[in-house]
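Residues per chain, in single letters:
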Amino acid sequence: MKRLIRIVIATLVLVAIGIALKFTVFRTNPVPVTVQPVERGRVEKIVVNSKAGTIRSRQRAQLSPAVSGRVIELTIRRGDVVHKGQLLLRLDDSEYRAQVLQAERALAAARAAEKQSSLEAAQAGRELDRNRALASDSAIAPSAFEAIESRRHVALAGVEGARERARQAGASLQAAQASFEKTMIHAPFDGVVADLSTELGEWLSPSPPGVNIPAVIDLVDLDSIYVSAPLDEVDLARVHVGLPVRISVDAFGDSAFEGTITSIAPYVLDKLEQNRTFEIEADFGASTSAADRPRDFVPGATADVEIILDSRDDVLRVPTYAILEGGKVLVIRDGMLVGVPVERGISNWQYTEITGGLREGENVVISLDRAEVKEGAAAVISGEKAP
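Nothing here was measured: the structure is a model prediction, and the numbers come from that model.

Some thoughts on the overall build of the protein
For step 1, the next point in the chain: Assigned secondary structure in the protein consists of 3 helices and 22 strands.
For step 2, the next point in the chain: Contacts in the protein between residues at least 24 apart in sequence constitute 78% of all its contacts with a sequence separation of at least 6.
For step 3, the next point in the chain: On the protein, roughly 22900 Å² of surface is accessible, and the fraction owed to carbon and sulfur atoms is 53%.

Written out as structure tokens, the structure is:
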């Protein structure tokens with residue numbers, strides 16, 4: 001009996017030692033986790049461009065002279081604001097001015113000749129009228145009257161010829177004036193000089209057929225800028241004209257600008273078999289008018305577009321990355337990580353709407369980048385991220 005009692009006592013001591021070791025030497029340290037409380041806020045369902053978009057302008061002109069010549073006047077520099085009709089550049093026009101002057105004088109001479117012919121025709125008409133009565137009374141020979149009548153016809157023909165020569169001289173003057181106008185470049189619309197590649201004294205030549213010579217002036221209308229962005233073809237049925245967008249421009253960091261979809265391409269680009277896209281165009285909103293826009297906000301800049309398909313305000317939300325596979329989130333209950341199934345509404349890469357399973361203010365684990373952070377593990381809060 002005593003031996004049995006000693007065995008029982010020894011067993012109890014070993015069990016007690018095992019329990020003590022489990023909770024001391026072999027105790028698993030709780031996993032430190034970061035949590036974020038369930039909050040109320042805005043959640044949006046969005047579509048983003050598949051590749052970088054580009055800011056463009058609906059009015060952009062590449063200007064070059066239509067004739068050859070030396071630059072003798074340059075009224076602009078890069079970045080200048082210009083107005084429609086303003087003279088931007090003028091070539092040496094002495095030869096063309098001389099041609100205009102010559103054409104003007106030729107026209108004046110032709111008009112004088114036309115006037116002279118008209119006077120002669122009028123005189124011939126009066127002479128014919130005077131002799132017509134005499135011819136009817138046989139007071140003059142028929143041959144004499146025929147000569148008078150012929151002179152009238154010749155005079156009328158001379159008037160018509162003089163009139164045509166005056167028209168020809170007028171056309172020559174218009175051609176000379178058109179050539180003269182080609183020595184100047186005027187602004188076709190209000191805009192900003194985006195680029196200028198000539199200086200005073202340089203010789204410029206127009207682009208020959210089939211040869212692409214870069215323009216000397218690049219004029220851009222900043223009041224008509226928009227963003228062109230490619231979207232994945234799977235989103236074609238989800239977007240339509242009029243949807244609101246958020247436009248992010250790389251040059252301005254985290255700043256975002258409001259806008260609206262104004263155009264959707266009626267076809268899908270199939271240049272790349274595995275990455276087919278379609279183009280959308282989005283205009284900036286009134287709050288980003290040219291007067292309020294930074295000067296570097298110009299065509300050619302990279303831009304990204306977020307299309308807002310749906311939005312809900314003042315709803316429960318959690319970070320989207322806090323939701324595990326299977327639609328669960330981890331919470332700490334009695335020092336343990338517990339997976340809680342949640343009901344979800346709309347979502348984006350940042351937030352997901354929670355329609356059931358969590359209460360406002362309940363802490364959700366967001367530090368999920370370690371293998372030990374899993375359901376059933378002991379955990380302790382090491383930090384709390386503000387909503």
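Here we look at the packing of aromatic side chains
Working definition: an aromatic ring pair is given by the centre-to-centre distance plus the angle between the planes.
For step 1, the next point in the chain: Tallied over the entire structure, the rule returns 1 aromatic pair.
For step 2, the next point in the chain: With a centroid separation of 6.4 Å and 75° between ring planes, the pair formed by Phe257 and Phe284 is classed as edge-to-face. Of this pair, Phe257 sits in strand 14 (residues 256-264) while Phe284 sits in strand 15 (residues 277-284), placing them 27 residues apart in sequence. Here Phe257 and Phe284 have matching classes, each one buried.
For step 3, the next point in the chain: Cation over ring: Arg58 sits above Tyr226, and NZ or CZ is 4.1 Å from the ring centre.
For step 4, the next point in the chain: Positioned above the aromatic ring of Tyr351, the side-chain terminus of Arg317 is 3.7 Å from the ring centre.

So, the confidence of the model for the protein
For step 1, the next point in the chain: Residues at a pLDDT of 70 or more form 83% of the protein, whose mean pLDDT is 84.
For step 2, the next point in the chain: Mean pLDDT across the elements of the protein bottoms out in helix 1 (residues 2-22) (60) and peaks in strand 7 (residues 87-91) (95).
For step 3, the next point in the chain: This model gives residues 23-27 a pLDDT under 50, and the stretch forms 4 contacts once residues within four places in sequence are excluded.

Things to note about the nonpolar core
For step 1, the next point in the chain: Of all hydrophobic cores here, the largest spans 30 residues; its most connected members are Ile76, Leu88, Leu89 and Ile217.
For step 2, the next point in the chain: Sorting the residues of this core by element identifies strand 4 (60-63), strand 5 (69-74), strand 7, helix 2 (94-136), helix 3 (142-181), strand 8 (184-186), strand 9 (191-196) and strand 11 (217-220) as the ones contributing at least two each.
For step 3, the next point in the chain: Not counting the four nearest positions on each side in its chain, Ile76 is found in contact with Val82, Gln86, Leu88, Val193, Leu196 and Ile217.
For step 4, the next point in the chain: Residues Val47, Val192, Leu222 and Phe278 belong to the second largest nonpolar core, which totals 24 residues.

Observations concerning the pairing of strand 4
For step 1, the next point in the chain: Going residue by residue along strand 4, you find Ala61 and Leu63 tucked away on one face and Arg60 and Gln62 left uncovered on the opposite face.
For step 2, the next point in the chain: As judged from the 4 bridges shared by strand 4 and strand 11, these two strands associate in the antiparallel manner. Opposite Arg60, over in strand 11, you have Val220 as the bridge partner.

Focus: the sheet that holds strand 11
For step 1, the next point in the chain: Spatially, 4-11-9-6 is the arrangement adopted by the 4 strands of the open sheet, whose pairing is antiparallel. The open sheet terminates on both sides in strands that have one partner only, identified here as strand 4 and strand 6 (81-82).

Concerning the side chain of Thr183
For step 1, the next point in the chain: Turning to its location among the elements, Thr183 is positioned in the loop between helix 3 and strand 8.
For step 2, the next point in the chain: Those residues in contact with Thr183 that lie beyond four places of it in its chain are Val67, Leu89, Arg90, Leu91, Asp93 and Tyr96.

Some remarks on the sheet that holds strand 5
Backbone-to-backbone hydrogen bonds join strands into a sheet, with any given pair of strands oriented parallel or antiparallel.
For step 1, the next point in the chain: Pairing is antiparallel in the open sheet, where 4 strands are placed in the order 8-7-5-10. The sheet is open, and its two borders are formed by strand 8 and strand 10 (203-204), each paired with just one other strand.
For step 2, the next point in the chain: Here strand 7 runs beside strand 8; their pairing, made up of 3 bridges, is antiparallel. For Arg90, the partnering residue across the bridge sits in strand 8 and is Met184.

A closer look at the pairing of strand 14
For step 1, the next point in the chain: Across 5 bridges, the pairing between strand 13 (residues 244-249) and strand 14 is antiparallel. By the bridge assignment for strand 14, Arg246 is matched with Glu258.
For step 2, the next point in the chain: A loop of 6 residues connects strand 13 with strand 14, the two strands running antiparallel in sequence, and Gly253 in this loop sits at a positive phi of about 60°.
For step 3, the next point in the chain: Bridge analysis of strand 14 against strand 15 gives 5 bridges, and the strand direction is antiparallel. The residue of strand 15 that forms the bridge with Gly259 is Phe284.

Remarks on the pattern of salt bridges
For step 1, the next point in the chain: Taken as a whole and assessed by the stated rule, the structure comprises 24 salt bridges.
For step 2, the next point in the chain: Arg78 is the partner of Asp195 in a salt bridge, and the nearest nitrogen-oxygen pair spans 2.8 Å. Of this pair, Asp195 sits in strand 9 while Arg78 sits in the loop between strand 5 and strand 6; the two residues are 117 residues apart in sequence, bridging distant segments of the chain.
For step 3, the next point in the chain: Through salt bridges with shared partners, one network takes in Arg42, Glu44, Arg246, Glu306 and Asp313.

What to know about the side chain of Glu362
For step 1, the next point in the chain: Counting through the fold element by element, Glu362 comes out in the loop between strand 20 (351-356) and strand 21 (363-365).
For step 2, the next point in the chain: Beyond its immediate chain neighbours, meaning those up to four positions away, Glu362 contacts Gln36, Pro37, Val38, Val331 and Arg333.

Observations regarding the environment of Ser382
For step 1, the next point in the chain: The topology assignment puts Ser382 in strand 22 (residues 379-384).
For step 2, the next point in the chain: If sequence neighbours within four positions are ignored, Ser382 has contacts with Pro32, Val33 and Thr34.

Conventions used here
Residues numbered from 1 in each chain as written. Predicted model: local features only at pLDDT ≥ 70, side-chain atom pairs only at ≥ 80, totals over all residues. Heavy atoms only, no water. Helix = DSSP H or I, 4+ residues; strand = E, 2+ residues; numbered from the N terminus. Contact = heavy atoms within 4.5 Å. Areas by Shrake-Rupley, 256 points an atom, 1.4 Å probe, with all protein chains shown as cover. Phe/Tyr/Trp six-rings, centres within 6.5 Å; stacked < 30°, edge-to-face > 60°. Buried < 20%, exposed > 50% of the residue type's maximum accessible area, 1.4 Å probe, protein only. Lys NZ or Arg CZ within 6 Å of the ring centre and 35° of its normal. pLDDT = per-residue confidence, 0-100. Core = buried A, V, L, I, M, F, W, Y, C linked by side-chain atoms within 4.5 Å. Pairing = 2+ DSSP bridges. Salt bridge = Lys/Arg side-chain N within 4 Å of Asp/Glu carboxyl O.

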